[in-house]
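Chain by chain, the residues run as shown.
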Amino acid sequence: MTHVAIVYHSGYGHTKALAEQVANGAAEVSGVTSQLIPVADVDSHWDDLDKADGIIFGAPTYMGAASAAFRTFAEASSKRWFTLAWKNKVAGGFTNSGSQNGDKGNTMMELVTLAAQHGMIWVSLGLPPGNNSSKGSLADLNRLGGSLGALAQSNVDQGGEDAPIASDRATALAYGRRVAEIADALKRAQL
Ligand SMILES: Cc1cc2nc3c(=O)[nH]c(=O)nc-3n(C[C@H](O)[C@H](O)[C@H](O)COP(=O)(O)O)c2cc1C
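Residues numbered from 1 in each chain as written. Predicted model: local features only at pLDDT ≥ 70, side-chain atom pairs only at ≥ 80, totals over all residues. Heavy atoms only, no water.

Trainee: Even after reading the chapter, I still don't get the overall build of the protein, so can you show me in this structure?
Mentor: For the protein, the helix and strand inventory stands at 6 helices and 7 strands. Mapped in sequence order, the helices and strands of the protein form the string β-α-β-α-β-β-α-α-β-α-β-β-α. At 15 Å, the protein has a C-alpha radius of gyration in line with the 16 Å of a compact globule built from 191 residues. Dimensions of the protein, computed from the C-alpha atoms along their principal axes, are close to 50 × 35 × 25 Å. Counting only residues that meet the buried cut, the protein has 49% of its 191 residues in that class. Residue pairs in contact within the protein that sit at least 24 positions apart in sequence constitute 77% of those at least 6 positions apart. Side chains of the protein carry 15 positive and 18 negative charges; the gap between the two charge centres is 6 Å. (Helix = DSSP H or I, 4+ residues; strand = E, 2+ residues; numbered from the N terminus. Rg over C-alpha atoms; globule rule 2.2 N^0.38 Å. Buried < 20%, exposed > 50% of the residue type's maximum accessible area, 1.4 Å probe, protein only. Contact = heavy atoms within 4.5 Å. Lys, Arg positive; Asp, Glu negative; His and termini not counted. Charge placed at Lys NZ, Arg CZ, Asp CG, Glu CD.)

Trainee: I would appreciate a short explanation of the site of the ligand in the present structure.
Mentor: Around the ligand there are 17 residues in total, and Ser10, Thr15, Tyr62, Met63 and Asn96 lie nearest to it. Within the backbone of Tyr12, a nitrogen or oxygen atom sits 3.0 Å from an oxygen atom of the ligand. Between the ligand and Gly102 there is a distance of 3.0 Å, counted from a nitrogen atom to a backbone nitrogen or oxygen. In isolation the ligand has 640 Å² of accessible area, and contact with the protein removes 79% of it. Given that more than half its atoms are within 2 Å of the pocket grid, the ligand belongs to the second largest pocket. For the shell around the ligand, the elements supplying multiple residues, two or more each, are helix H1 (14-27), strand S3 (54-62) and strand S5 (90-97). (Near = heavy atom within 4 Å. Polar contact = N/O pair within 3.5 Å; in protein donor to acceptor, adjacent residues only side chain to side chain. Areas by Shrake-Rupley, 256 points an atom, 1.4 Å probe, with all protein chains shown as cover. 1 Å grid on protein atoms, 1.4 Å probe; cavity = no way out; pocket = protein on both sides within 12 Å on 5 of 7 lines; lining within 4 Å. Sits in = over half its atoms within 2 Å of the grid points.)

Trainee: Explain the layout of surface pockets to me, please; I cannot follow it from the model alone.
Mentor: Rolled over the atoms, a probe as big as a water molecule pinpoints where empty space is left. By volume, the largest pocket amounts to about 240 Å³. As for the largest pocket, its lining consists of Asp53, Lys87, Asn88, Lys89, Val90, Ile121, Ala183, Leu186, Lys187, Gln190 and Leu191. Per-element tally for the lining of the largest pocket: the top contributor is helix H6 (residues 166-189), with 3 residues. Grouping the amino acids of the lining of the largest pocket by side-chain chemistry returns 5 nonpolar, 2 polar and 4 charged. In this model, the second largest pocket occupies a volume close to 200 Å³. If you trace the second largest pocket, you find 15 residues lining it, with Tyr12, His14, Tyr62, Asn96 and Gly98 closest to the centre. Broken down by secondary-structure element, the contributors of at least two residues to the lining of the second largest pocket are H1, S3 and S5. No other element matches S3, which puts 3 residues into the lining of the second largest pocket. The residue makeup of the lining of the second largest pocket, split by class, is 4 nonpolar, 11 polar and no charged. (Points joined across faces, edges and corners; volume = space filled by probe spheres on them. Nonpolar A, V, L, I, M, F, W, Y, C, P; charged D, E, K, R; others polar.)

Trainee: What should I look at first to understand the pairing of strand S7 (residues 150-153) in this one?
Mentor: Remember that side chains alternate between the two faces of the sheet whenever the strand is regular. Side-chain alternation along S7 places Ala150 and Ala152 on one buried face and Leu151 and Gln153 on a second face that is also buried. Taken together, the 4 bridges between S5 and S7 define a ladder with parallel strand orientation. Bridging from a neighbouring strand, Ser97 pairs with Gln153 of S7. (Pairing = 2+ DSSP bridges.)

Trainee: Teacher, can you tell me more about helix H3 (residues 68-76) here?
Mentor: For an α-helix, 3.6 residues make a turn, and residues three or four places apart therefore share a direction. Within H3, burial applies to Phe70, Phe73 and Ala74. Mapping the buried residues of H3 onto a view down its axis gives an arc of 100°, with all of them on the same face. Set apart from the buried face of H3 by more than 90 degrees, the exposed residues are Ala68, Thr72 and Glu75. (Arc of directions from axis to C-beta.)

Trainee: In this structure, what is going on with the packing of aromatic side chains? I would like to understand it.
Mentor: The geometry of an aromatic ring pair is captured by two quantities: the separation of the ring centres and the angle between the planes. All chains considered together, the criterion is met by 6 aromatic pairs. Aromatic side chains Phe70 and Phe73 sit 5.4 Å apart centroid to centroid with 65° between the ring planes, which places their arrangement in the edge-to-face category. With a gap of 3 residues between them, Phe70 and Phe73 both fall in helix H3, about one helical turn apart. (Phe/Tyr/Trp six-rings, centres within 6.5 Å; stacked < 30°, edge-to-face > 60°.)

Trainee: Is there a simple way to think about H1 in this case?
Mentor: Helix length check: H1, at 14 residues, gives a terminal C-alpha distance of 20 Å against a target of 20 Å (1.5 Å per residue), a fit within 8%. Within H1, 10 of the 14 residues are buried, leaving the element largely enclosed by the surrounding structure. Within the span of H1, buried status applies to His14, Thr15, Ala17, Leu18, Ala19, Gln21, Val22, Ala23, Gly25 and Ala26. Those residues of H1 that are buried are in contact with strand S1 (2-8), strand S2 (32-38), S3, S5, S7 and H6. (Expected span 1.5 Å × (residues − 1).)

By themselves, these figures tell us nothing about what the structure is for.
Okay, here's the thing in structure tokens:
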């Protein structure tokens, strides 16, 4: 079996809703199991991360960057960095913010950099930008037009059950599936 772990922070439930979609998408791939790990619980799950074939990082964008709780996890992962324990694992990432842009790009760069410091292999979103023409709509996959990973926007007056919208959730689902497919293919290739 190929194992994909999703390690994430969510202060108010929006990024958690995305994380669940990413995990569901990964689990759709035959031969893949997925596991959700909130950063608050990571101390009981370092072994799961060490054994995972793929790790997907999820953080809300707070003040134009990954949330402090996620950064605490990222810094704690330096113990793995010392031995390059996660080298050649597949990596991915997603973020969510209140504003349409919200400076999510900076958060994504933090997640890419974290993966690169660990020597991991980053998986892009692999979807064309949606909602960027006169025929586009909010219902398009990748309606926020990212490429590094899955992006979402959650209205600040709605809870995690209502926000982000269905297209962002579907984008996260497709991304989880893509990361899992690549993690599984690389594991089978026994590089
Ligand atoms: C401390 C803090 C800082 C925030 N900074 C930003 C920001 O820089 N850009 C933005 O668009 N939204 C910002 N927001 C809004 C959150 O990104 C948004 O509410 C998001 O849905 C929260 O996700 P969560 O429920 O998973 O924590 C901020 C929220 C908080 C609490």
